[in-house]
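Secondary and tertiary structure notes
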Amino acid sequence: MSIIEETKDLLLKTKDFLIGSPWRGELTSTIDRLLYKVEQPCELAVFGTVKAGKSTFINTLLGEDLAVVNVTEATATINYFKYTPDSKDHGKVIAVYNDGHTEIKDKTFLDSLQGNTPDVLARSREIDRLELYIHNDVLRRITIVDTPGTHSVVDEHSRQTDAYATQAARNEKASVNIKNKADAVILLLGMVGKAKDKENVHEFATTSNPFNSIGIISKIDIDENMSRGDWQQRSAALGLTYRDGLHSVHPVSSGVY
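For every chain, the first residue of the written sequence is number 1, and numbering continues from 1 along that sequence. Per-residue local features of the predicted model are confined to residues with pLDDT of at least 70, and side-chain atom pairs are confined, for both listing and counting, to 80 or more; whole-chain, interface and lining totals are unaffected and use all residues. Side-chain numbers here rest on the full set of heavy atoms in the structure, without hydrogens or water.

The geometry of two aromatic rings is summed up by the distance between their centres and the angle between their planes. Pairing of aromatic rings covers Phe, Tyr and Trp, the last counted by its six-membered ring, and requires centre-to-centre distances within 6.5 Å; plane angles under 30 degrees mean stacked, over 60 mean edge-to-face, and any other angle means tilted. Taken as a whole and assessed by the stated rule, the structure comprises zero aromatic pairs. Lysine NZ or arginine CZ positioned within 6 Å of the ring centre and within 35 degrees of the ring normal marks a charge as sitting over the ring. Directly above the aromatic system of Tyr-133 lies the positively charged group of Lys-92, at a separation of 5.8 Å from the ring centroid. Sitting over the face of the ring of Phe-109, Lys-105 holds its NZ or CZ atom 4.7 Å from the ring centroid.

In structure tokens:
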């Protein structure tokens, strides 16, 4: 039996056992939700500070240039990369708005929502999330969630009518919600333990399960003086530092890939 079938079998047996118990109402409804979720793709959320390399890392995971890579603070919306079995739908974007209605868009629309200009911020505030459908085998069992960067730094002249500050606060709140419900989490870290990374990991320790969360140092190719062994040692040290919030820390070179 596959892991999925074994899990379903265990949940059904547990449900049958609980039917005669005083907890059947609350617990059986929880099991029903789990039975539904076990058939759904694993939801993998990717977090990190602004310009931590999230988009490049996601593109590396997918083997395609799908997430927008920018030298500025790019991701202004929450983007879900989902699987579509039909190659004709490859690249289709569905915008899910805050009021519940949806619109079919294309990747050009997705690209237009990157950055922190007043126009981008005004339009992104109306959107709950974007769902990008991709004909890619990696996404058959995994839905990747690209989240806006945390701990943003923007020049004061960019904070027109504090639209950016408002959007940043909304992004932070949305990220917490995603982190709480994601099946697995990847947190992009800097090459050394910075205060912003420590704050992120501390938040993980209080709101998510460290067994399902790993840290990634994603830009190890920047320092040519560090060997593979050096990075493994540094990752192990950071893993001990962040052990309350992350299962482990691993060095990755998306750029070299």
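Strands are treated as partners if at least two bridges between them are detected by DSSP. Every helix listed is a DSSP run of H or I at least four residues long, and every strand listed is a run of E at least two residues long, numbered separately from the N terminus. Across the sheet, which stays open at both edges, the nine strands sit in the order β4-β3-β5-β2-β6-β1-β7-β8-β9 with mixed pairing between neighbours. The sheet is open, and its two edges are formed by β4 (102–105) and β9 (249–251), each paired on a single side. Each neighbouring strand pair of the sheet contributes to a mean axis angle of 25 degrees, computed without reference to strand direction. Bridging between strand β1 (residues 42–48) and strand β7 (residues 184–189) involves five bridges; their strand directions are parallel. For Phe-47, the partnering residue across the bridge sits in β7 and is Leu-187. The contact definition used throughout considers only heavy atoms, calling two residues in contact when any of these lie within 4.5 Å. To obtain an axis, a line is fitted to C-alpha atoms, over the contacting stretch when the element is a helix, and the angle between two such axes runs from 0 to 180 degrees between their N-to-C directions. Strands β8 (213–217) and β9 of the sheet are contacted by helix α8 (residues 228–241), whose axis makes an angle of about 160 degrees with β9.

Turning our eyes to something else, we now look at the pairing of β4. Of the strand pairs in this sheet, strand β3 (residues 92–97) and β4 are connected by four bridges, and their pairing is antiparallel. In the strand pairing of β4, Ile-94 is matched with Ile-104. Here β3 folds back onto β4, and the loop between the two strands holds four residues, one of which, Gly-100, carries a positive phi near 100 degrees.

When a carboxyl oxygen of Asp or Glu is within 4 Å of a side-chain nitrogen of Lys or Arg, the pair counts as a salt bridge. Under the criterion given, the structure shown has 11 salt bridges. One salt bridge connects Asp-128 with Arg-129, and the closest N-O pair in it is separated by 2.8 Å. Accessible area is worked out with a 1.4 Å probe on protein chains only. A residue is then buried under 20% of its type maximum, exposed over 50%, and partly exposed in between. A relative accessible area of 34% places Asp-128 in the partly exposed class. Among the charged side chains, a salt-bridge network with shared partners connects Lys-82, Asp-128, Arg-129 and Glu-131.

In this section: the nonpolar core. Side-chain atoms within 4.5 Å link the members of a nonpolar core, which is a set of buried Ala, Val, Leu, Ile, Met, Phe, Trp, Tyr and Cys residues. Core analysis: the largest hydrophobic core is formed by 25 residues, its most contacted members being Phe-81 and Leu-130. Sort the elements by how many residues they give to this core and strand β5 (residues 127–134) lands first, with four residues. Sequence-distant contacts of Phe-81, defined by excluding residues within four places in its chain, comprise Ile-58, Leu-62, Leu-66, Ala-67, Leu-132, Ile-134, Leu-139, Ile-142, Thr-143, Ile-144 and Asp-146. Grouped together as the second largest cluster of nonpolar side chains are 19 residues, Ala-45, Val-185, Ile-220 and Tyr-242 included.

Okay, the pairing of β8 next. By the criterion of burial, β8 is predominantly enclosed, with four of the five residues buried. The pairing of β7 with β8 spans five bridges and is classified as parallel. The partner of Ile-186 across the bridge, within β8, is Ile-214. Orient the strands so they point away from the viewer, and a crossover whose first-strand-to-second-strand path over the helix runs clockwise is right-handed. Since β8 and β9 lie parallel, the crossover through α8 that links them has a hand, and here it is right-handed.

Before going further, it helps to examine helix α2 (residues 24–38). For the α-helix, the turn length of 3.6 residues means that residues three or four positions removed from each other point alike. Between its first and last C-alpha atoms α2 spans 20 Å; for 15 residues at 1.5 Å apiece the expected length is 21 Å, and the two agree. Among all positions of α2, only Thr-28, Ile-31, Leu-35 and Val-38 are buried. Down the axis of α2, the smallest arc covering the buried residues is 80 degrees, so these residues share one side. Exposed and facing more than 90 degrees away from the buried side of α2 are Gly-25, Glu-26, Arg-33 and Tyr-36. As for α2, its buried residues are in contact with α1 (3–18). By definition here, a helix of n residues has an expected span of 1.5 Å times n minus one. Taking the helix axis as origin, the arc is that swept by the directions to the C-beta atoms.

Moving on: the side chain of Thr-147. Examined against the element boundaries, Thr-147 turns out to sit in the loop between β6 (142–146) and α6 (163–181). A polar side-chain atom of Thr-147 sits 2.7 Å from the main-chain carbonyl oxygen of Val-46. Any pair of nitrogen or oxygen atoms within 3.5 Å is treated as a polar contact; in protein, a donor-acceptor pairing is required on top of that, and neighbouring residues in sequence qualify only through side-chain atoms on both sides.

We now examine the packing of α1 against α2. Contact pair α1 / α2: the axes reach a minimum separation of 10 Å and the direction vectors enclose 165 degrees. In terms of orientation, α1 and α2 fall into the roughly antiparallel class. The hand of the α1/α2 crossing is left-handed. Between α1 and α2, the contacting residues are Ile-4, Thr-7, Lys-8, Leu-11, Leu-12, Thr-14, Lys-15 and Leu-18 on the first element and Arg-24, Leu-27, Thr-28, Ile-31, Asp-32, Leu-34, Leu-35 and Val-38 on the second. Reported orientations rely on four angle classes, namely roughly parallel under 35 degrees, roughly antiparallel over 145, roughly perpendicular from 65 to 115, and oblique for the rest. Here a crossing is called left-handed whenever its near helix is offset anticlockwise from the far helix by less than a right angle, and right-handed whenever the offset is clockwise.

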